[in-house]
Each structure stands twice: as C-alpha cells, then as structure tokens.
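Letter by letter, the chains look like this.
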Amino acid sequence: MLPGPTIAAMAFLMGLTLRRGAGHTQRMCAAERDDPGGVTAARLTALLCAFAPGDECLGASELARRTGLPKSSVHRLLGHLVTHGLLERDGGAVRLGLKLFEIGQLAVRGRGLVDAARPYLADLREATRNTVHLAVLEGTEVVYLDIVRGPDAPALPSRIGGRFPAHATAVGKAILAHSPGSQLEAVISAGLPRVGPRTLTAPGLLRRQLTRVCEEGVAYDREESGAGVVCVASPVLDGSGRARAAVSISGWSNRVRAERVAPAVRTTALTLSRTLP
C-alpha cells in the first residue's frame, strides 16, 4: 500500500545524494574501495527514489539524468532491480514493480493502526461526506497512512504514503500539540515555509495555536495547506497522552463549518485511542 514512504525512508537512512562531476566520481571511487556494498545500495536506492508521483515509466537516460549516475551503471543496476521484481520492464523503459508494493505492506509503521481505524474513518466519512485522513508524524512532515475520500470534498493533493509539512496541516498540529517539545523545536528549526494562503510561518503564532490545540483536543487548518480548503483534526493518543497519529476531515471552506464537525472528529479520535492496545 505504501511503497513510496518505504523507498523514501531508505534514501533518508542512506543519507546520500548522487551528483555529477569529477569530484563526485573521485569520492565515489574512494567510497567503493572503502565500502563497495554501501555504494551499490546507495545507487540502487537513488534509482528507486528517482520515481516521482505521476511517473508511470522512466527510461535509462532519464534515470541517469535524475540520479547523476553514469548511463552504463544505470543499465547494469536496472537489470538487478528487474531480476528481483523491484522494477518491471515496459518496452524500453521501467516502472516500479509489485515487489515494492509487497514490501510497503510489510513496512508500514502502525499497520495495525490502519486496520483498526478503517471502520471509524468510513463512519466519519459517511457522517460528514468529506474526505477523512489518518496520518502520523515523521520528522517535520506528516505521512498519510489512509485516506477515505468524500463525494462532496475538494480534490486534495494528499495521497496514501504522501507527505506534507506538519505545521501547515491540521493533522500535523494535532500531533505536535501532544508530542514532546523537541519535535516542535525540530519543525521550527527546519523553517515554516508558506504552503497555502494562510500558513502559519511565525513560530510564536504556531506555539500559541498548539497550546490551544492541546487544551481543546482539536486542531484546525483554515486555508493553511491550500486555498479554499478547511481541515479539522484530533489526535489519537496512547496511554501516556502522547499522539500516535491524528484523524481529520477536509472539505471546502465555504461549505464546511469547522466547529460543527469538530465534535465528530474528536469522538472518532477518542474512540480509536481507546480501541488501540
């Protein structure tokens, strides 16, 4: 279900960026002598991470351009990835393979959370007819574990496995308000870029809003993640009161009365918190 985050996590853990240039070649040659297996893993990871949302198939030339790897190396590595099912050939190009789908299914953090939450998310969607999200915090971003789209909701950029800056989302603020202070500081230190027309970009404003979220148990996004969209979120808490995830609904700002749907979102999150072990 989530091959995207799995691949992204691999790239993050490798902590390597591949670039063209003589200096890069010299560094790679030295690295190959010191840790040839690590360099090969980094190159394979770079090829997988070169695929972006919307990419169906990519050719060797485009993959070489995106990764900075020599085309001869790309051809060789693609053969390994195809052999093991991580990529599939489509004419002269390749696409992500079903093996990644299988790995993603196994690697999803909180897979039990998704299974437990699904009936509650479906009920919330039916009650509000808007799109319902289940998300977790990963670093300074939220990752969407599940999405149940509503018939009356706007087309949103969110997707299962997709990421979004935590400070610009209701789910992100709901989680941050019930997380250790170090996580909020990491978000602020990374910067608060403007995403939507009303994104909070001032640390002081964000801190004050999170204090209110902590008191009320509900977070709001009023055109902070995108124009014309409002979101309402509530945290899914563990036994110590820390957020494990957050549930939200999203809809048109001129159709959804955030305060009226907030109790339904809050009830869903509380019920799910009590359901989970």
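Further up the page is the structure itself.
Going along each chain's sequence as written, the residues are numbered from 1 onward. Local features in a predicted model are, by the rule used here, given only for residues with pLDDT of at least 70; side-chain atom pairs are given and counted only at 80 or more, and totals for whole chains, interfaces and linings are based on all residues. Calculated side-chain values reflect all of the structure's heavy atoms, with hydrogen atoms and water omitted.

J.: Looking at this structure, I do not really get the packing of helix α4 (residues 60–67) against helix α5 (residues 71–83). What am I missing?
T.: Between two packed helices, the angle of one axis relative to the other and the distance separating the axes together describe the packing. Axis definition: a line fitted to C-alpha atoms, limited for helices to the stretch in contact. Angles are taken between N-to-C directions and run from 0 to 180 degrees. Segments assigned H or I by DSSP are reported as helices when at least four residues long, segments assigned E as strands when at least two residues long, and all are numbered from the N terminus. The contact between α4 and α5 brings their axes to 9 Å, and the two run at 115°. Taken together, the axes of α4 and α5 lie roughly perpendicular to each other. The element α4 and its partner α5 pack so that their crossing is right-handed. In this structure, α4 contributes Ala 60, Ser 61, Leu 63 and Ala 64 to the contact, and α5 contributes Lys 71, Val 74, His 75 and Leu 78. Class assignment of the residues belonging to the contact of α4 with α5 gives a composition of five nonpolar, two polar and one charged. Orientation labels follow simple angle bins: below 35 degrees gives roughly parallel, above 145 gives roughly antiparallel, 65 to 115 gives roughly perpendicular, and whatever is left gives oblique. In this scheme the handedness of a crossing depends on how the near helix is turned from the far one: anticlockwise by less than a right angle means left-handed, clockwise means right-handed. Only heavy atoms enter the contact rule, under which two residues are in contact if any of them lie within 4.5 Å. Residue type decides the class: Asp, Glu, Lys and Arg count as charged, Ala, Val, Leu, Ile, Met, Phe, Trp, Tyr, Cys and Pro as nonpolar, and the leftover types, Gly among them, as polar.

J.: Mind showing me how you'd approach the layout of surface pockets here?
T.: Sizing a probe to match a water molecule and rolling it over the atoms shows the empty space that remains. Grid points spaced at 1 Å over the protein atoms alone were grouped into cavities, where a 1.4 Å probe fits but cannot get out, and pockets, open sets with protein on both sides within 12 Å along at least five of seven lines, with lining residues defined by an atom within 4 Å of a point. Grid points are joined across faces, edges and corners, and a volume is the space filled by probe spheres set on the points. Of the voids in this model, the second largest pocket is the one considered here, and its volume is about 270 Å³. Lining the second largest pocket, in full, are Arg 198, Leu 200, Arg 208, Gln 209, Arg 212, Val 213, Glu 216, Val 218, Ala 219, Tyr 220, Arg 222 and Glu 224. Counting residues per element, the ones that place at least two in the lining of the second largest pocket are α10 (203–216) and β7 (219–222). Examining the composition of the lining of the second largest pocket, we find that five residues originate from one element, α10, more than from any other. The residue makeup of the lining of the second largest pocket, split by class, is five nonpolar, one polar and six charged.

J.: When you look at the pattern of salt bridges in this model, what are you seeing that I'm missing?
T.: Two side chains bearing opposite charge may form a pair once their charged atoms approach each other closely. By convention in these notes, a salt bridge is any Lys or Arg side-chain nitrogen within 4 Å of a carboxyl oxygen on Asp or Glu. Counted according to the given criterion, the structure contains 11 salt bridges. For the salt bridge of Glu 224 with Lys 173, the shortest nitrogen-to-oxygen distance reads 2.7 Å. Linking Glu 224 in the loop between β7 and β8 (229–237) with Lys 173 in helix α8 (residues 170–176), this pair joins segments that are 51 residues apart in sequence. Each residue is placed in one exposure class: buried if its accessible area under a 1.4 Å probe, protein chains only, is under 20% of its type's maximum, exposed if it is over 50%, and partly exposed if it falls in between. With a relative accessible area of 6%, Glu 224 lands in the buried category.

J.: I would appreciate a short explanation of the environment of Ser 179 in the present structure.
T.: Position of Ser 179 relative to the elements: it lies in the loop between α8 and α9 (181–189). The spatial distance from the C-alpha of Ser 179 to the C-alpha of Cys 214 is 9.8 Å, given a sequence separation of 35 residues.

J.: What's the story with the nonpolar core in this structure? I'm lost.
T.: Looking at soluble globular proteins, one finds that nonpolar side chains tend to be buried together. As used in this record, nonpolar core signifies buried Ala, Val, Leu, Ile, Met, Phe, Trp, Tyr and Cys residues forming a set joined through side-chain atoms within 4.5 Å. Judged by nonpolar contacts, the single largest core of 29 residues is most densely connected at Val 142, Tyr 144, Val 171, Leu 176 and Leu 206. The greatest single-element share of this core, amounting to five residues, is contributed by α8. Leu 121, Val 136, Val 261 and Ala 262 belong to the second largest nonpolar core, which has 27 residues in total.

J.: Sorry if this is basic, but what is going on with unusual backbone geometry here?
T.: When glycine is set aside, most residues are seen to have a negative phi, and most peptide bonds are trans. Its identity is not glycine, yet Arg 129 carries a phi of approximately 60°, on the positive side. You can see Arg 129 is positioned in the loop between α7 (111–128) and β4 (131–138). Positive phi, normally seen in glycine, also occurs at Glu 223, with a value near 60°. Structurally, Glu 223 can be placed in the loop between β7 and β8.

J.: Whenever I open this one, the pairing of strand β5 (residues 141–148) confuses me. Can you help?
T.: A regular strand places its side chains on the two faces of the sheet in alternate fashion. A large share of β5 lies buried, amounting to seven of its eight residues. Where β4 meets β5, seven bridges bridge the pair, whose relative direction is antiparallel. Following the sheet pairing, Val 132 is matched in β5 by Val 148. We treat two strands as partners when DSSP finds at least two bridges between them. If you look at the hairpin formed by β4 and β5, you'll find two residues sitting between the two strands, and Gly 139 has a positive phi there, around 70°. Note: β5 against strand β6 (residues 163–165), three bridges, orientation antiparallel. Paired with Val 142 across the bridge in β6 is Phe 164.

J.: Just checking my understanding: could you explain the sheet that holds strand β2 (residues 87–90) for this structure?
T.: Spatial ordering of the open sheet is given by β1-β3-β2, a layout of three strands whose pairing is antiparallel. The open sheet has two free edges, formed respectively by β1 (58–59) and β2, since each of these has just one partner strand. Bridging between β2 and strand β3 (residues 93–96) involves four bridges; their strand directions are antiparallel. Bridge assignment links Glu 88 to a residue of β3, and that residue is Arg 95. Strands in contact with α5 are β2 and β3; relative to β2, the strand with the most contacts, it is inclined by about 110°.

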